[in-house]
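Residue-level structural notes
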Amino acid sequence: MVAPLRNKVETSRAYWTFVIPAFFLYLLVFAFPIVLSVILSVSNYNGGKLFGGDAWTIVGFQQYEKLINDPNFWMALKNNVYIVLISVFGQIPLGFVLAYLIYRKIVKWGEGWQAILYVPAIISVIVLGMMWKLVFAPNGVLADVMNGMYAETFLTSLKHIVQSAGGLTHVTDDFVKQLMNISNAASLQSFAHPVSDLKDLIVGGGYTDQNLPVFLSDMKNLLAPTWSPDFLNQQDVSMVPIMFVTLWCWTGMYLILFHANMQKIDDQIIEAARIDGASELQVMWNVIVPNLSGVIANAAILCIAGSLNTFALIWAMTEGGPMHITQVLAIYMYQNAFVGHPNFPLANAISLAIVLFSFLLIGVTLYIEKKFGGKQA
Amino acid sequence: MKRNRVLGGVGKGVAYLVMGLFTLMTIYPIVWLVINSFKSTAEYQIDKISLPKEWIFSNYTGAWSLGTFDQLIGNSILYTALASAGSILLAVLAAFAFAKLKHKATGPIYGSFVLGILLSITSLMVPLFLQVSQMDKVIGDILQAFGWMKSEDFHLFYNTRFGMILIYIGAGLPMAVYLCTEYVKSIPDSLVEAARIDGAGYFQIFWRIILPMSTPIATTVAVLTVPNVWNEFALINIIISSMDQKSLPLGILRFSSALSSDYGKQFAALVIGLAPMLIFYIAFRKQITKGVSGGAVKG
């Protein structure tokens, strides 16, 4: 069919009419901001009008220098690497193994498990982050449960001590010392002379064998060790709850992804391997993993892109605090742009850094898949 | 055949244990959340685990009015519906051009969309914020220069629903364009050619053939876009500053800071926050699972 000229013009016009709305919005949301961040990151622009406001000029790479010398940047980068690691080496393998259990019908009700495990992935991370904050907070559930356990242990030991002392009739120094051994060190500090003071307290308190429960409960309230979530204020350790929640949120998504793609694999390969005497573990590692290497690489790429941009979950849990120790790159960028004295050039440099890191890690992933990946399913 | 003996008894036991443990860990915190939303704050502080002694519903009414949730949910529905519909319409349009109209620009433009899948608007939030607010300033200056407007404070994109929806449409486009283009490619060329010979214009072909035939992929894009927009936080947090235009997640977060000591209402707010997407998931689980299987979600 010879296309007449009118036809060709019409096709070209239709083509651009169809493409331009989408392409324009795409440029507006992705391309222009990247160009803008390249320019602003080497400028001295700091708020106000870009056009017709205070003059600003290109001043060079000093913001990048500042970035490299800022310990907060390295901390945010390190925290972000933790998130990437738990995502790539936590969510993906875990999702894979769970998918395998369902795929091989090692567990029944596959659809049911899968349906439930995906639930966190669809709910706002703000809601989930706040929920986990209520669990991990110093006055949260975890602290309550731990304190309860500490109190239980304390009571059991105390009962032992009372029993071996033959009741409360003869309170000896030895008894008090044993009590002190199981007590909270911080509570003991409120006594000037713990041994004699405590002895006075117990003898003077009128405790007898008849009201032993009262004695136990008073001692528990006064002296039982308490669980302190102080470790959450430590650098690195404070990332553990966040990493846990990251794993908790997204594993179900990879489960679905891998399970769907496992179903495309020819059953006969697996049966043949099984008849040849391969164990389930061997089948998974030698048959399924190579077959899905392309899918795994894709998952890793999306995983890296997603976890380098993690923001809302951590914002809901800690806002990057205390003292910046749970900051990731996106939060570090936000802080520099919108908190206190804004430094837009620096924030733009961070924005670019995130984009570059994503592409770097994705490049590495593609390289690994090309070099070590098996044949496509 | 040892078909039935996939794993020994012990192996099966371990498998069930692992599966059960993970499922319990997923579901229990959410159940815990719902249970606590019916406790008074005082009761929660004493006992954070057990069922409420007295089931209180006032947490919900209190949280609802305090959080102005009727307005926020209305906004969220507006953002989600228009952004999803917009993404789908523009994506199928572009997909039609990329897949069925031969043009030398397809390579670079389609390629840039695919590359865009790897970009996230979160990482671009600062330049995007600057761009959006500066665009308003430029338009405002022009309007002022012509004397069409007195005040300098002109907003078309920043802090407007219109601007936010445009950004959400743009943010969803790379993935939507990719999925739709791959799908439209599978529609036979002969359908388009036959319609051309019958004298149909490209717009007619789009409305009568391509768009109706793209319903399955449009559904997939919709079920993936809806939770993305509904749950989005980072951008709307900086683009929208007035309370009456914010979305549900921003309203929920307020219960974490200023209102954090009122646990009863906070729990109720969290349940209000998770309910819409949970219902959406229950209603469209099959389609969502299918969409996720394509590997089209960033984690």
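Preceding this paragraph is the structure being described.
The structure contained in this document is the topic of the report that follows. All values derive from a computational prediction rather than experimental measurement.

Reading guide: rules and limits
- Residues numbered from 1 in each chain as written.
- Chains lettered and ligands numbered in written order.
- Predicted model: local features only at pLDDT ≥ 70, side-chain atom pairs only at ≥ 80, totals over all residues.
- Heavy atoms only, no water.
- Helix = DSSP H or I, 4+ residues; strand = E, 2+ residues; numbered from the N terminus.
- Rg over C-alpha atoms; globule rule 2.2 N^0.38 Å.
- Buried < 20%, exposed > 50% of the residue type's maximum accessible area, 1.4 Å probe, protein only.
- Contact = heavy atoms within 4.5 Å.
- Lys, Arg positive; Asp, Glu negative; His and termini not counted.
- Charge placed at Lys NZ, Arg CZ, Asp CG, Glu CD.
- Areas by Shrake-Rupley, 256 points an atom, 1.4 Å probe, with all protein chains shown as cover.
- Axes fitted to C-alpha atoms, helices over the stretch in contact; angles between N-to-C directions.
- Parallel < 35°, antiparallel > 145°, perpendicular 65-115°, else oblique.
- Left-handed = near helix turned anticlockwise from the far one by under 90°.
- Buried area = accessible area lost by both parts, 1.4 Å probe.
- Salt bridge = Lys/Arg side-chain N within 4 Å of Asp/Glu carboxyl O.
- Polar contact = N/O pair within 3.5 Å; in protein donor to acceptor, adjacent residues only side chain to side chain.
- Nonpolar A, V, L, I, M, F, W, Y, C, P; charged D, E, K, R; others polar.
- Patch = residues over 30% accessible without salt bridge, like charges linked within 9 Å, V, L, I, M, F, W, Y side chains within 5 Å.

Counting secondary structure elements, chain A contains 17 helices and zero strands. Here the C-alpha radius of gyration of chain A, 31 Å, is well above what a compact globule of 377 residues would show, namely 21 Å. Here the C-alpha coordinates of chain A stretch approximately 115 × 75 × 35 Å along the principal axes. Across the 377 residues in chain A, those meeting the buried criterion constitute 52%. Taking all contacts inside chain A whose residues are at least 6 apart in sequence as the whole, residues at least 24 apart take part in 70%. The average position of the 19 basic charges and that of the 22 acidic charges among the side chains of chain A differ by 15 Å.

Right, let's get into the overall build of chain B. The helix and strand inventory of chain B stands at 13 helices and zero strands. Each helix (α) and strand (β) of chain B, taken in turn from the N terminus, gives the series α-α-α-α-α-α-α-α-α-α-α-α-α. By the compact-globule yardstick of 19 Å for 299 residues, chain B is too spread out, its C-alpha radius of gyration being 25 Å. Considering chain B as a whole, with its 299 residues, one finds that 56% of them fall into the buried category. Restricting to contacts in chain B with at least 6 residues of sequence separation, those with at least 24 account for 70%. Total accessible area on chain B stands at roughly 13100 Å², and carbon and sulfur atoms take up 67% of it.

Here the focus is the packing of helix α1 (residues 9-36) of chain B against helix α13 (residues 263-293) of chain B. Residues and elements named next belong to chain B. Contact geometry for α1 and α13: axes closest at 8 Å, N-to-C directions at 130°. Here α13 runs oblique to α1, going by the angle between their axes. Remark: the crossing between α1 and α13 carries left-handed chirality. Of the residues in α13, those touching α1 at Ile30, Trp32, Leu33, Val34 and Asn36 are Phe267, Leu270, Val271 and Leu274.

Here we take up the interface of chain A and chain B. On the chain B side, the residues contacting the 100 residues of chain A number 103 residues. Counting the surface lost from both chain A and chain B, the interface buries some 9200 Å², and carbon and sulfur atoms represent 76% of this. Summed over the three residues of chain A that lose the most area to chain B, namely Tyr15, Phe18 and Ile122 of chain A, the buried surface amounts to 9% of that side. At the boundary of chain A and chain B, one finds four salt bridges. As a salt-bridge pair, Lys48 of chain B and Asp144 of chain A come within 3.2 Å of each other at their nearest N and O atoms. Our count for the chain A to chain B interface comes out at 21 residue pairs in polar contact (both at pLDDT 80 or more). Per element, the largest residue contribution to the side of chain A that touches chain B is 24 residues, and it comes from helix α1 (residues 5-41) of chain A. Class assignment of the residues belonging to the side of chain A that touches chain B gives a composition of 73 nonpolar, 16 polar and 11 charged.

Before going further, it helps to spend a moment on the packing of helix α4 (residues 110-122) of chain A against α13 of chain B. At their nearest, the axes of α4 of chain A and α13 of chain B sit 10 Å apart, and the two run at 110° to each other. Viewed along their axes, α4 of chain A and α13 of chain B adopt a mutual orientation that is roughly perpendicular. When the axes of α4 of chain A and α13 of chain B are compared, the crossing they make is right-handed. Together, Glu111, Gln114, Ala115, Tyr118, Val119 and Ile122 of chain A of α4 of chain A and Met277, Leu278, Phe280, Tyr281, Arg285, Lys286, Ile288, Thr289 and Val292 of chain B of α13 of chain B make up the contact between the two elements.

A contiguous nonpolar surface patch, about 670 Å² in accessible area, is contributed by Val145, Met149 and Tyr150 of chain A together with Leu24, Ile27, Tyr28, Val31 and Ile49 of chain B. Sorting the residues of the nonpolar patch by element identifies α6 (141-164) of chain A together with α1 of chain B as the ones contributing at least two each. If one sorts the elements of the nonpolar patch by residue count, α1 of chain B sits on top with four residues. Residue class for Tyr28 of chain B comes out partly exposed when judged on its relative accessible area of 40%.

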